[in-house]
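Summary of the model geometry
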Amino acid sequence: VQNGNKILGEHENIAIGKAMSGDTDADARLVDGDVLSIRQLSGWSGISASVSVIGEVVHPSTYGIRDGERLSSVLRRAGGFRPDAYVFGAVLDRVQVREFAEKNRQDLIRRIEGGENLHFKAEEAGLVGAALQQQQQVLTALKNQTPSGRLVIHISPDINRWANTSADVELRAGDTILIPKRPTFVLVTGQVYNGAAMSFSPGKTAGWYLQQAGGPTNLADKGNIFVIRADGSVVGRGNSGSGLWRGSVQSAKLEPGDTVVVPEKFIGSSAWKNLLSVAQFASSVAITAHIAGIF
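The model shown is predicted, which means the values in this text are computed figures rather than measured ones. (Residues numbered from 1 in each chain as written. Predicted model: local features only at pLDDT ≥ 70, side-chain atom pairs only at ≥ 80, totals over all residues. Heavy atoms only, no water.)

1. Thoughts on the pattern of salt bridges
Opposite charge on two side chains makes pairing possible when the charged atoms of those side chains draw close. The condition is simple: Each reported salt bridge corresponds to a side-chain nitrogen of Lys or Arg within 4 Å of a carboxyl oxygen of Asp or Glu. Throughout this description, buried means an accessible area under 20% of the type-specific maximum (1.4 Å probe, protein chains only), exposed means over 50%, and partly exposed covers the range between. Working definition: helices are DSSP H or I runs of at least four residues, strands are E runs of at least two. Numbering for both runs from the N terminus.
Per the stated rule, a full pass over the model turns up nine salt bridges. A salt bridge links D93 to R98; the shortest N-O distance between them is 2.0 Å. Among the residues examined, R98 registers a relative accessible area of 31% and is labelled partly exposed. The closest approach of N and O atoms between R229 and D258, which form a salt bridge, is 2.7 Å. Here D258 lies in the loop between α7 (247-251) and β12 (259-262) and R229 lies in the loop between β10 (226-228) and β11 (234-235), a separation of 29 residues in the sequence. Considered together, R229 and D258 belong to a single accessibility category, that of buried residues.

Laid out in structure tokens, this is it:
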């Protein structure tokens, strides 16, 4: 404030949040020479420590995070979920997870290209060509795959129910949180006669969706069918049981955004088949995570 030839300093605290929301009583009028300072809260990290919240939240944006801040806190700051949010399919993408997935991908490519454990008995010599073709198909899928940085989380629309529990993960700089819209489909992929995205039908099982896709082909590894849930978790791979429609996988009721994967039956030694199965599984998980980001 200028008083004659003197300039008198005066400090006034402003409730900036209320002012920004349109509260005229909290909104101070500024004049020439005033200085508006917005201090950083103690305990907050630098500008690089931020996360992105995108999709079906009230205020999608980039948010600075404090050391140790958790998922529930940031989602609340984002205003919570919009009415059409599909929280059960939420995706938390983390740089460190993506880097780990890329390292595993490169290792799988190296091992498959090296033909490790690709051994045949004399009577199986005629299968070498088919095995090499499978090898090339798996390699092509791996090389075209974008590594997923998805960290599986289990949250629900009511943030209060899981806040400060084991589901309330601690965030890291660079995390991206995607809240998708509710999907209307279940995906059936792999060795089926008509792989496709199918309209979701409440209460239907994986076996029912497989039937709608024409069932597994002759090349299907029927004992290792698995389901990738919308939240990224996997059901049924490697569980015991025989018969196409038996076991927890085929009887599992599916939800919107779930994916049924029917893997291919590989040729060769047990170690070789296991290697290709791991590669095929990794590709399926990465593709599903990519689809979650699109829809």
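Having seen the model, we can carry on.
2. Thoughts on the environment of D84
Stated precisely, the cut-off is as follows: Here, two residues are considered to be in contact whenever any of their heavy atoms come within 4.5 Å of each other.
Within the element layout of this structure, D84 appears in the loop between α2 (71-77) and β5 (91-93). For the pair D84 and V57, spaced 27 residues apart in sequence, the C-alpha separation works out to 9.4 Å. Residues in contact with D84, not counting those within four places in the same chain, are E56, P180, K181 and R182.

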